[in-house]
Amino acid sequence: MSEKNKNLPPPIDPRTGFCPKTKTFHSLRPSASLPLESSPISVTDFAFSILKSSPPSPSTASLVDGLTHRTILYPEFISRVKNLTKYLYHNLGLRKGDSVYILSPNSVHIPILCFSLFSLGVVISPGNPASSDSDVSRQVRLCNPVIAFVTKKTAHKISNIRTILVDSDSDSDSDSPSFESISTGKFDSGGLELDGIDSTVCQSDPAAILYSSGTTGREKGVILTHRNFTYVAAAGLAVRPARKSSPVCFCAVPYFHVYGLSYFIRSLAMGETVVSMGRFDFEVMMKCIEDFRVTHMAVAPPIVVAMVKKDAEFVDGYDLRSLEVVGCGGAPVRRSVVQLFRERFPHVILGQAYGLTESTARVFGTVGPEEGQFMGATGKLMSNCEAKIVDPQTGILLPPGSPGEIWLRGPSIMKGYVDDEKATAATLDSGGWLRTGDLCYIDNEGFLFFVDRIKELIKYKGYQVAPAELEHLLHYHPDIAEAAVIPYPDEEAGQAPLAFVVRQSGSTIDESKIKDFIAKQVAPYKRIRRVMFIDSLPKNAAGKVLRKDLIKFAVSGATSKL
């Protein structure tokens with residue numbers, strides 16, 4: 001039995017989904033068919049039920065290693081999940097409620113491991129393998145794992161916890177068989193079958209702990225439930241168009257990020273092929289598109305930038321005719337980059353999305369070629385979700401076209417932060433609304449436009465200046481490769497806009513020319529007051545510029561390269 005969205009309260013604007021009575025935006029997309037919340041079902045059970053109802057061809061690849069071309073077909077994928085589940089339960093003693101830490105780059109093993117752990121009700125907690133030892137230690141304290149799944153290159157970052165290697169033929173414990181053998185069933189299981197496993201997983205149970213700075217403060221552990229990920233699969237199914245052949249998806253975003261994790265869960269539940277690689281290489285990616293006839297891609301903004309900045313001869317050297325959609329998330333894509341992408345790849349949809357770790361990735365997204373044509377938009381509200389725009393000063397709910405803090409509600413919203421009731425209460429209100437801390441507006445067609453993080457707005461003589469607005473303008477200058485704007489302390493104004501600029505190769509543009517370029521396009525209070533030139537901007541794994549690092553750099557008065 002399934003439940004649909006409740007009937008939308010009248011009157012709902014058929015273009016925006018806005019209800020003037022409640023001042024709330026409602027999704028106008030097809031409703032996602034979800035199990036009753038009281039039904040005990042793990043995200044693995046739900047994904048496998050979708051595969052059973054609409055099975056892919058036995059010759060369809062589920063997972064492909066883009067570097068080695070190693071391929072796992074769907075029957076083998078399902079078999080490996082079941083075999084590994086048996087081993088985790090009977091041989092490692094993992095039980096519902098246990099937590100495991102995963103410190104590995106993308107590989108064909110990670111989705112199999114995650115689906116196996118989900119089926120037992122074990123909480124996964126993936127970390128960035130490039131994290132410092134101190135960051136890893138903090139994450140381990142937050143998730144309190146009983147076992148860590150690591151690689152040869154990350155094992156040294158883990159101490160006082162049993163580790164299992166997922167990238168070799170032999171594991172760190174001499175008595176343990178290799179990861180390959182336990183997922184294929186080539187180990188001494190004593191003939192134990194899945195029906196010997198006693199594990200009832202509720203949808204409200206935690207499925208994953210991911211890491212986010214949240215709307216405020218230092219890194220926190222975000223608790224996402226089986227219901228959250230079940231929604232991800234169901235929502236993908238609700239908007240999936242009919243097609244003759246199964247999509248082939250290239251995932252260039254890390255599986256430890258909510259974008260990558262939700263992407264492979266959704267794709268594998270729908271019987272699609274997921275191609276990935278551990279160490280990203282642009283040329284290998286292009287070759288994968290050609291060799292595997294990739295139709296869809298999940299990327300971060302830096303990859304889109306690279307796609308438009310590579311020499312035309314280089315790009316034309318690959319057969320990219322199979323490519324239909326490039327989905328980009330994690331950070332906004334500049335308008336100038338979108339325009340260049342459309343010129344170079346006129347038959348490819350550049351889809352954008354808006355979401356947070358706390359919302360299990362996308363809550364707004366572009367679906368289909370028509371929505372992909374709206375410049376600067378990050379899509380429309382996804383199935384079963386609600387949103388409202390709140391004036392950050394007064395708390396008044398705002399109509400379409402008015403910028404304010406966007407609040408979100410729906411089946412994808414997190415359960416809360418690990419051991420942090422204060423931060424949870426500050427982010428989730430009693431009605432289930434997630435305060436995002438993002439300044440956005442929804443236009444008269446229902447498209448979301450991101451303006452900036454509220455906490456990153458620059459207060460110049462009492463006026464609010466959005467760094468993103470100035471950054472968009474800077475990126476249109478032909479001599480500027482990249483730019484980021486931050487607040488800089490000013491005795492008279494309080495804060496003043498300071499621009500970090502990466503020049504195009506060979507450019508000699510100076511500070512005065514940049515200031516004049518912006519001054520001609522903005523109100524006086526929005527003008528850039530200082531410019532600093534650097535070789536590159538610091539970014540996180542999703543491609544988001546680390547403004548905090550730039551602020552520290554600027555305030556310290558350092559002159560060394562970031």
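Just above, that's the structure.
### Some points on the environment of Ala353
Within the fold, Ala353 resides in strand E17 (residues 349–356). Since its relative accessible area comes to 28%, Ala353 is described here as partly exposed. Apart from the residues within four sequence positions on either side, Ala353 is in contact with Cys328, Arg362, Phe364, Gly365 and Thr378.

### Examining the nonpolar core
Formed by 90 residues in total, the largest nonpolar core has its most connected members in Phe77, Phe149 and Phe364. Each residue touching Phe77, except ones within four places of it in the same chain, is listed here: Phe48, Ser62, Leu63, Ile72, Ile112, Phe115 and Leu268. The next biggest cluster of nonpolar side chains, apart from the first, holds 34 residues, and it includes Met285, Cys288, Val333 and Val338.

### What to know about the sheet that holds strand E16 (residues 325–328)
Spatial ordering of the open sheet is given by E6-E5-E14-E13-E15-E16-E17-E18-E19, a layout of nine strands whose pairing is mixed. The open sheet is flanked by strand E6 (71–73) and strand E19 (380–381), the only strands paired with a single partner. Bridge analysis of E17 against strand E18 (residues 361–365) gives four bridges, and the strand direction is antiparallel. Residue pairing for E18: Gly355 is matched across the bridge by Arg362. Contacting strand E5 (61–65) and E6, helix H2 (residues 74–91) crosses the sheet at an angle of about 85 degrees to E6.

### Observations regarding the pairing of strand E15 (residues 296–299)
Residues His296 and Ala298 point to one face of E15 and Met297 and Val299 to the other, with burial holding for every one of them. Relative to E15, strand E13 (residues 248–251) runs parallel, the two sharing three bridges. Of the residues in E15, the one forming a bridge with Cys251 is Ala298.

### Things to note about the layout of surface pockets
Any space left empty among the atoms is revealed by the rolling of a water-sized probe across them. Within this model, the second largest pocket holds a volume of roughly 930 Å³. In terms of lining, the second largest pocket is formed by 34 residues, of which the most central are Pro105, Asn106, Met277, Gly278 and Arg279. Residue composition of the lining of the second largest pocket, by class: 18 nonpolar, 11 polar and five charged.

### Section: empty space enclosed by the protein
A complete count under the given rule lists three cavities of 30 Å³ or more for this structure. Volume-wise, the largest cavity comes out at about 80 Å³. In terms of lining residues, the largest cavity is bounded by Tyr231, Val232, Ala235, Gly236, Ser262, Arg266, Ser359, Thr360, Ala361, Arg362, Met382 and Ser412. Of all elements in the fold, only helix H6 (226–238), helix H7 (258–269) and E18 reach the threshold of two or more residues within the lining of the largest cavity. Per element, the largest residue contribution to the lining of the largest cavity is four residues, and it comes from H6. Residue composition of the lining of the largest cavity, grouped by class: five nonpolar, five polar and two charged. Within this model, the second largest cavity holds a volume of roughly 50 Å³.

### Some points on H2
Compared with an ideal rise of 1.5 Å per residue, which puts 18 residues at 26 Å, H2 spans 25 Å between its outermost C-alpha atoms and is within 8% of the ideal. Listing the buried residues of H2 in full gives Tyr74, Phe77, Arg80, Val81, Asn83, Leu84, Thr85, Lys86, Tyr87, Leu88 and Tyr89. Phi turns positive one or two residues past the end of H2, at Gly93, with a value near 75 degrees.

### Considerations on the packing of aromatic side chains
Here the structure, examined in full by the defined rule, presents 17 aromatic pairs. Ring geometry for Phe500 against Phe553: centres 5.8 Å apart, planes inclined by 50 degrees, an arrangement best described as tilted. Residue Phe500 is located in strand E29 (residues 494–503), and its partner Phe553 is located in helix H16 (residues 547–556); the two are separated by 53 residues in the primary sequence. For the pair formed by Phe500 and Phe553, the shared burial category is buried. An aromatic cluster is present here, built from Phe48, Tyr74, Phe77, Phe115, Phe118, Phe229, Tyr255 and Phe264 joined pairwise through their rings. The ring of Tyr89 has Arg95 sitting right over it, with the charged end atom 3.6 Å from the ring centre. Geometry around Phe533 places Arg503 over its ring, the cationic atom sitting 3.6 Å from the centre.

### Considering the state of the cysteines
This model, assessed by the stated rule, comprises zero disulfides. Just so you know, Cys288 is unpaired, no disulfide at all, and the nearest cysteine sulfur is the one on Cys251, 12 Å from it. With no disulfide of its own, Cys440 has Cys385 as its nearest cysteine by sulfur position, at a separation of 15 Å. Relative accessible area serves as the criterion here: at 0%, Cys440 is assigned to the buried category.

Thresholds applied
- Residues numbered from 1 in each chain as written.
- Predicted model: local features only at pLDDT ≥ 70, side-chain atom pairs only at ≥ 80, totals over all residues.
- Heavy atoms only, no water.
- Helix = DSSP H or I, 4+ residues; strand = E, 2+ residues; numbered from the N terminus.
- Buried < 20%, exposed > 50% of the residue type's maximum accessible area, 1.4 Å probe, protein only.
- Contact = heavy atoms within 4.5 Å.
- Core = buried A, V, L, I, M, F, W, Y, C linked by side-chain atoms within 4.5 Å.
- Pairing = 2+ DSSP bridges.
- Axes fitted to C-alpha atoms, helices over the stretch in contact; angles between N-to-C directions.
- 1 Å grid on protein atoms, 1.4 Å probe; cavity = no way out; pocket = protein on both sides within 12 Å on 5 of 7 lines; lining within 4 Å.
- Points joined across faces, edges and corners; volume = space filled by probe spheres on them.
- Nonpolar A, V, L, I, M, F, W, Y, C, P; charged D, E, K, R; others polar.
- Expected span 1.5 Å × (residues − 1).
- Phe/Tyr/Trp six-rings, centres within 6.5 Å; stacked < 30°, edge-to-face > 60°.
- Lys NZ or Arg CZ within 6 Å of the ring centre and 35° of its normal.
- Disulfide = S-S within 2.5 Å.

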